[in-house]
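Here's the letter readout for the chains.
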Amino acid sequence: MLTDSFGRTATDLRVSLTDRCNLRCAYCMPAEGLDWLPKPEVLTDDEVVRLVGLAVTRLGISEVRFTGGEPLLRRGLTAIVRRVAALSPRPEISLTTNGIGLDRLAAPLRAAGLDRINVSLDTLSEETFVKLARRDRLGDVLAGLAAAATAGLTPVKVNAVLMRGINDHEAAPLLRFCLDHGYQLRFIEQMPLDAQHGWRREEMVTADEILAELKLGGEFALTPDDPTGRGSAPAETFLIDGGPQRVGIIGSVTRPFCAACDRVRLTADGQLRNCLFARVENDLRTPLRAGASDDELEAIWLRCIAAKLPGHGINDAGFLQPARPMSAIGG
Ligand code: SAM
Ligand code: SF4
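Presented here is a report on the structure given in the accompanying data block. Everything numeric in this text was worked out from a predicted model, so none of it was measured.

**Thoughts on the overall build of the protein**
Thinking step 1. Helix and strand counts for the protein come out as ten helices and 14 strands.
Thinking step 2. Taking 331 residues into account, the globule formula puts the C-alpha radius of gyration at 20 Å, and the protein, at 19 Å, falls close to it.
Thinking step 3. Taken across its 331 residues, the protein has 55% of its residues classed as buried.
Thinking step 4. Expressed as a percentage of contacts within the protein between residues at least 6 apart in sequence, the contacts between residues at least 24 apart total 73%.

**Description of the site of ligand 1**
Thinking step 1. Taken together, 17 residues lie near ligand 1, and Tyr 27, Gly 69, Glu 70, Ser 120 and Met 191 sit nearest.
Thinking step 2. Within the backbone of Gly 69, a nitrogen or oxygen atom sits 3.0 Å from a nitrogen atom of ligand 1.
Thinking step 3. Between ligand 1 and the protein, one listed contact pairs an oxygen atom with a backbone N or O atom of Thr 97 at 3.2 Å.
Thinking step 4. Protein chains shield 96% of the accessible area of ligand 1, which is 530 Å² for the free molecule.
Thinking step 5. Of all elements in the fold, only strand E5 (92-97) and strand E7 (157-161) reach the threshold of two or more residues within the shell around ligand 1.
Thinking step 6. Each residue belonging to the shell around ligand 1 can be placed in one class, and the counts come to five nonpolar, ten polar and two charged.

**Looking at the sheet that holds E5**
Thinking step 1. One open sheet accounts for twelve strands, arranged E9-E10-E11-E8-E7-E6-E5-E4-E3-E12-E13-E14; its pairing is mixed. Each of the sheet's edge strands pairs with one partner strand only, and the pair in question is strand E9 (222-224) and strand E14 (282-283).
Thinking step 2. Here strand E10 (residues 236-240) pairs with strand E11 (residues 246-250) via four bridges, running antiparallel. For Glu 236, the partnering residue across the bridge sits in E11 and is Ile 249.
Thinking step 3. Here helix H7 (residues 207-215) sits on the sheet in contact with strand E8 (184-188), E9, E10 and E11, set at roughly 155° to E11.

**Digging into the pairing of strand E6 (residues 116-120)**
Thinking step 1. Counted residue by residue, E6 has four buried out of five residues, so it is predominantly covered.
Thinking step 2. Where E5 and E6 come together, four bridges link them in parallel fashion. Bridge assignment links Thr 97 to a residue of E6, and that residue is Val 119.
Thinking step 3. Once the chain exits E5 it traverses helix H3 (residues 102-112) before rejoining the sheet at E6, and the crossover so formed is right-handed.
Thinking step 4. As paired strands, E6 and E7 are joined by three bridges and run parallel to one another.

**Let's talk about the nonpolar core**
Thinking step 1. Within the largest apolar cluster, 103 residues are counted, with the highest numbers of intra-cluster contacts made by Phe 66, Phe 187 and Trp 301.
Thinking step 2. Non-local contacts of Phe 66, meaning those with residues more than four positions away in its chain, are made with Val 15, Leu 17, Val 48, Pro 71, Ile 80, Val 81, Val 84, Ile 93, Ser 94, Leu 95 and Thr 96.

**Topic: the side chain of Asn 274**
Thinking step 1. Among the secondary structure elements, Asn 274 is positioned in the loop between strand E13 (271-273) and E14.
Thinking step 2. Look past the residues within four positions of Asn 274 in its chain and what remains in contact with it is Arg 263, Cys 304, Ile 305, Ala 307 and Lys 308.

**Re the pattern of salt bridges**
Thinking step 1. Here the structure, examined in full by the defined rule, presents 22 salt bridges.
Thinking step 2. The residue Arg 176 makes a salt bridge to Glu 219 at a minimum N-O spacing of 2.6 Å. Of the two residues, Arg 176 is situated in helix H6 (residues 171-181) and Glu 219 in the loop between H7 and E9; the sequence distance between them amounts to 43 residues.
Thinking step 3. Looking at Glu 219, the relative accessible area reads 37%, which means it is partly exposed.

**Observations concerning helix H4 (residues 126-133)**
Thinking step 1. When H4 is considered as a whole, its buried residues turn out to be Thr 128, Phe 129, Leu 132 and Ala 133. Angularly, the buried residues of H4 cover 105° about the axis, an arc narrow enough to put them on a single face. Opposite its buried face, H4 presents the exposed residues Glu 126, Glu 127 and Lys 131, each directed more than 90 degrees away.
Thinking step 2. In this structure, the buried residues of H4 make contact with helix H5 (138-151).
Thinking step 3. Backbone nitrogen of Glu 127 and a side-chain oxygen of the N-cap are separated by 3.3 Å at the start of H4; the cap is Ser 125.
Thinking step 4. A positive backbone phi angle near 60° is found at Arg 134, which sits one or two residues after H4.

Thresholds, definitions, all that
Residues numbered from 1 in each chain as written. Chains lettered and ligands numbered in written order. Predicted model: local features only at pLDDT ≥ 70, side-chain atom pairs only at ≥ 80, totals over all residues. Heavy atoms only, no water. Helix = DSSP H or I, 4+ residues; strand = E, 2+ residues; numbered from the N terminus. Rg over C-alpha atoms; globule rule 2.2 N^0.38 Å. Buried < 20%, exposed > 50% of the residue type's maximum accessible area, 1.4 Å probe, protein only. Contact = heavy atoms within 4.5 Å. Near = heavy atom within 4 Å. Polar contact = N/O pair within 3.5 Å; in protein donor to acceptor, adjacent residues only side chain to side chain. Areas by Shrake-Rupley, 256 points an atom, 1.4 Å probe, with all protein chains shown as cover. Nonpolar A, V, L, I, M, F, W, Y, C, P; charged D, E, K, R; others polar. Pairing = 2+ DSSP bridges. Axes fitted to C-alpha atoms, helices over the stretch in contact; angles between N-to-C directions. Right-handed = clockwise from strand over helix to strand, strands pointing away. Core = buried A, V, L, I, M, F, W, Y, C linked by side-chain atoms within 4.5 Å. Salt bridge = Lys/Arg side-chain N within 4 Å of Asp/Glu carboxyl O. Arc of directions from axis to C-beta.

This is the structure:
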C-alpha cells in the first residue's frame with residue numbers, strides 16, 4: 001500500500017500520456033506553447049503499461065486517470081486503455097481531455113474499457129473560447145461532449161476554470177448548459193501551475209465567488225450534498241433544486257483537500273510525483289530502462305510516497321511554484 005507518513009493512502013494514479021496540446025489555455029500555457037519533451041524521453045506504451053500494472057497489482061492503486069497535455073493526442077491511447085482494463089484487479093479507468101477528437105474516439109475508448117470521462121469546457125462563447133484557449137475549437141469540444149454521452153461514458157463530467165474578466169460571468173450559463181445536457185459540472189479554482197507564472201492570488205476567482213455567482217438571480221437553489229463534509233472528494237458538491245442533479249466546486253486554493261489526498265502522479269517521461277505541487281520527482285524511467293525488477297521499482301514508489309508533505313503550501317508565504325507546469329505534470 002502507498003501510505004505516507006501522515007496516514008494517507010494513495011489509490012488514485014494520474015498518468016500523463018503526453019505534454020503536448022492542441023490548445024493554449026491562458027491559465028495553463030503561454031500562447032507560443034512550450035518546448036515539448038523529445039520523443040525518446042516519453043515512456044513507450046509498454047513502459048506505461050508496465051508501471052501502471054505494477055501500481056495496480058502490487059501497490060493498491062484502484063483508479064487510473066489518463067491525462068496530459070492532451071491525452072487524445074497520444075496515438076496508442078485506446079490500446080493502453082485496453083491493456084490497463086485487462087489488469088487484475090481491474091482498476092477504474094478515466095480520462096481528462098479537452099474533448100478535441102473525442103467525437104471519433106469516444107466509442108472506441110468506451111469499447112476498450114474506459115469507464116468515465118472529464119471534458120474541460122470553460123465557455124459557451126466562440127469568441128471567449130478563442131480568447132481563452134487561443135484556438136477556434138469550441139465546436140469540436142461540444143461535438144466531443146455529445147459523443148461521450150452517446151458512447152455511454154456517463155455521467156459525463158465537465159471541468160471549468162473561471163478567469164476574472166474573461167469568463168467569470170459564465171458560471172450560471174455553463175451550469176444551465178450542463179443541466180440541459182445531463183453533464184455534471186465542476187468548477188476548479190485556478191491554481192499557480194501555468195508555465196508563464198501569470199497566476200495572481202488577488203485575481204483568481206474563488207470558490208466563494210463562484211457559489212455566490214451561481215446563487216445570484218435565484219435561478220438555482222443550491223444545498224450542500226453532504227452537510228457533514230466532502231470526505232476525500234476534492235469537490236464540494238451541491239444539490240440543485242433538491243437534486244438529483246449536482247454541481248461541484250473544487251477550491252484547491254481556498255479550500256484545500258490535502259489532508260484527504262489519495263493521489264499520485266506519473267509524468268509522460270516517467271517521473272513519479274507525490275503531489276501536483278511537489279518540487280521533487282522520483283525517476284522511474286532510468287531504472288526501468290536499465291532493467292530494474294518490480295521489487296526495485298516498487299521501492300521507488302514507496303520512497304516517493306513516504307516523502308509526501310502534508311499540504312501544497314500555496315497559502316504559505318514562502319510558496320514556490322513547481323518547476324514543471326500543469327500540462328507537463330498531468331492535471
Ligand atoms: N488537456 C486536458 C484538459 O484540458 O482537460 C487534460 C490536461 S489539463 C492540464 C487537466 C485539467 O487541468 C483541465 O480541466 C484544466 O482546465 C485544468 N487546469 C489546467 N491548468 C490549470 C490551472 N492553472 N488551475 C486549475 N486548473 C487547471
Ligand atoms: Fe491543453 Fe488542457 Fe492545458 Fe488547455 S488545460 S492548454 S487543453 S493541457
